[in-house]
Amino acid sequence: HIERLQPFTKMETGKKKHQGLVSDFNLSDVAAVQEAFDQARNELSTDGIITFGLQAINRMFGDQMGGRRGEMLLLTAMPNCYKSGMCLDLMKWMALYNKPFMRDPTKKPMILRISFEDPVTKDIGILYKTMKEFETGHLVDMSVVDSAEAQAYVVGKLEATGYNVRMVHIDPTDFTCRDLIDFLNDIEAEGYEIHGLFIDY
C-alpha cells in the first residue's frame, strides 16, 4: 500500500519547487555568492532606517538606531497596558519622522495599519488628539472638534513626508492568515510598496 500512497506524499523530482523555498544557491556558483554578498550589503545599509518618536526605542535597535524593512516587533503586555496605543504611536512616528526610501521607484510608499479591534474612527480621533496636544501644548476636547478639520489635520500630518497611510478595521472572526496575505498582495498589485505594517491584534 505504501507504493500506492507515494504519488500523494512526494513531489516528482525537478517538477516543482516548494512554495516555501526562499533562496537556493551552490557555493561553487561564484556569481550567485557575489550576488548574495551584494544583497547582504544592501540589507545592512543604513539607507531607509525607520526611526520612531522615542530615542530609547531607537536605541533598542542597536547601532542602526531604528528599524529595518522586514524586521518585526512584537508588543506584549498585560491587558489595558497601552499595547494598542503603542502600536498606533509607532505607525504615527514612522509617518511623521521618516521619508520613504524606495526599493522600487515605480511604486508608491505605503504605511498600513490593520486593527482587529478598534474602528478607524476611534484611531483617527486618538491620532488627532495626541498630535494636536503635542503640537499646541493644550488639551483637546474631542466633543467640540470639527470632524472635517480633524480628518484634514491627521491626513496632512501623516502624509506630509510622502507616505500613503491606510487604516483598516477587520472583523477577525472570519479572517485568516491566508486572507491577510491575499489582502497584502492585492495592495501591492495596486502599485504600492508596503514599508510598514502595523497589526493591532
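Worth saying up front: this structure is predicted, and the values here are computed from it rather than measured. (Residues numbered from 1 in each chain as written. Predicted model: local features only at pLDDT ≥ 70, side-chain atom pairs only at ≥ 80, totals over all residues. Heavy atoms only, no water.)

## Details of the overall build of the protein
Then, in step 1: Counting its regular elements, the protein contains 7 helices and 3 strands.
Then, in step 2: In sequence order, the protein lays out its α and β elements as α-α-α-α-β-α-α-β-α-β.
Then, in step 3: For the protein, buried positions account for 31% of its 201 residues.
Then, in step 4: Here the contacts in the protein between residues at least 6 apart in sequence split such that 68% fall between residues at least 24 apart.
Then, in step 5: When the accessible surface of the protein is totalled, it reaches about 14200 Å², and 56% of it is carbon and sulfur. (Helix = DSSP H or I, 4+ residues; strand = E, 2+ residues; numbered from the N terminus. Buried < 20%, exposed > 50% of the residue type's maximum accessible area, 1.4 Å probe, protein only. Contact = heavy atoms within 4.5 Å. Areas by Shrake-Rupley, 256 points an atom, 1.4 Å probe, with all protein chains shown as cover.)

## Points about the pattern of salt bridges
A side chain of one charge can pair with a side chain of the opposite charge if their charged atoms are brought near each other.
Then, in step 1: In this structure the tally under the stated criterion is 9 salt bridges.
Then, in step 2: Between Lys122 and Asp118 there is a salt bridge; the shortest N-O distance is 3.5 Å.
Then, in step 3: Since its relative accessible area comes to 11%, Asp118 is described here as buried.
Then, in step 4: A salt bridge links Glu133 to Lys129, with the nearest nitrogen and oxygen atoms 2.7 Å apart. (Salt bridge = Lys/Arg side-chain N within 4 Å of Asp/Glu carboxyl O.)

## Description of the nonpolar core
As a rule of thumb, nonpolar side chains are buried together in soluble globular proteins.
Then, in step 1: Of all hydrophobic cores here, the largest spans 24 residues; its most connected members are Phe52, Met91, Ile111, Leu127, Leu158 and Val165.
Then, in step 2: Every element with two or more residues in this core is listed here: helix 4 (83-97), helix 5 (120-136), helix 6 (147-158) and strand 2 (164-169).
Then, in step 3: With 7 residues, helix 4 is the largest single contributor of residues to this core.
Then, in step 4: Judged by nonpolar contacts, the second largest core, of 12 residues, contains Ile170, Phe183, Ile187 and Tyr192. (Core = buried A, V, L, I, M, F, W, Y, C linked by side-chain atoms within 4.5 Å.)

## Considerations on the environment of Val33
Then, in step 1: Structurally, Val33 is set in helix 2 (residues 30-44).
Then, in step 2: Look at Val33 and you get buried, because its relative accessible area is 18%.
Then, in step 3: Setting aside chain neighbours within four positions, we find Val33 in contact with Phe25, Asn26 and Leu27.

## A closer look at the pairing of strand 1 (residues 108-115)
Then, in step 1: A large share of strand 1 lies buried, amounting to 7 of its 8 residues.
Then, in step 2: Here 8 bridges tie strand 1 to strand 3 (residues 192-200), and the two strands are oriented parallel to one another. Looking across to strand 3, one finds that Leu112 is bridged to Leu197.
Then, in step 3: Pairing analysis gives 6 bridges linking strand 1 to strand 2, with the strands arranged parallel. From the neighbouring strand, Arg113 faces strand 2, where its bridge partner is Met167. (Pairing = 2+ DSSP bridges.)

## Section: helix 5
Then, in step 1: For helix 5, built from 17 residues, the straight-helix expectation of 24 Å at 1.5 Å per residue is met to within 8% by its first-to-last C-alpha distance of 24 Å.
Then, in step 2: Every buried residue of helix 5 is accounted for by Asp123, Gly125, Leu127, Tyr128, Met131 and Glu133.
Then, in step 3: Where the residues of helix 5 are buried, they touch helix 4, strand 1, helix 6 and strand 2.
Then, in step 4: Gly137 sits one or two positions beyond helix 5 and adopts a positive phi of about 80°. (Expected span 1.5 Å × (residues − 1).)

## Concerning helix 4
Then, in step 1: Between its first and last C-alpha, helix 4 extends 21 Å over 15 residues, near the 21 Å set by a 1.5 Å rise per residue.
Then, in step 2: Counting buried positions over the 15 residues of helix 4 gives 12, a clear majority of the element.
Then, in step 3: Buried residues of helix 4: Lys83, Ser84, Gly85, Cys87, Leu88, Asp89, Leu90, Met91, Lys92, Trp93, Met94 and Ala95, and no others.

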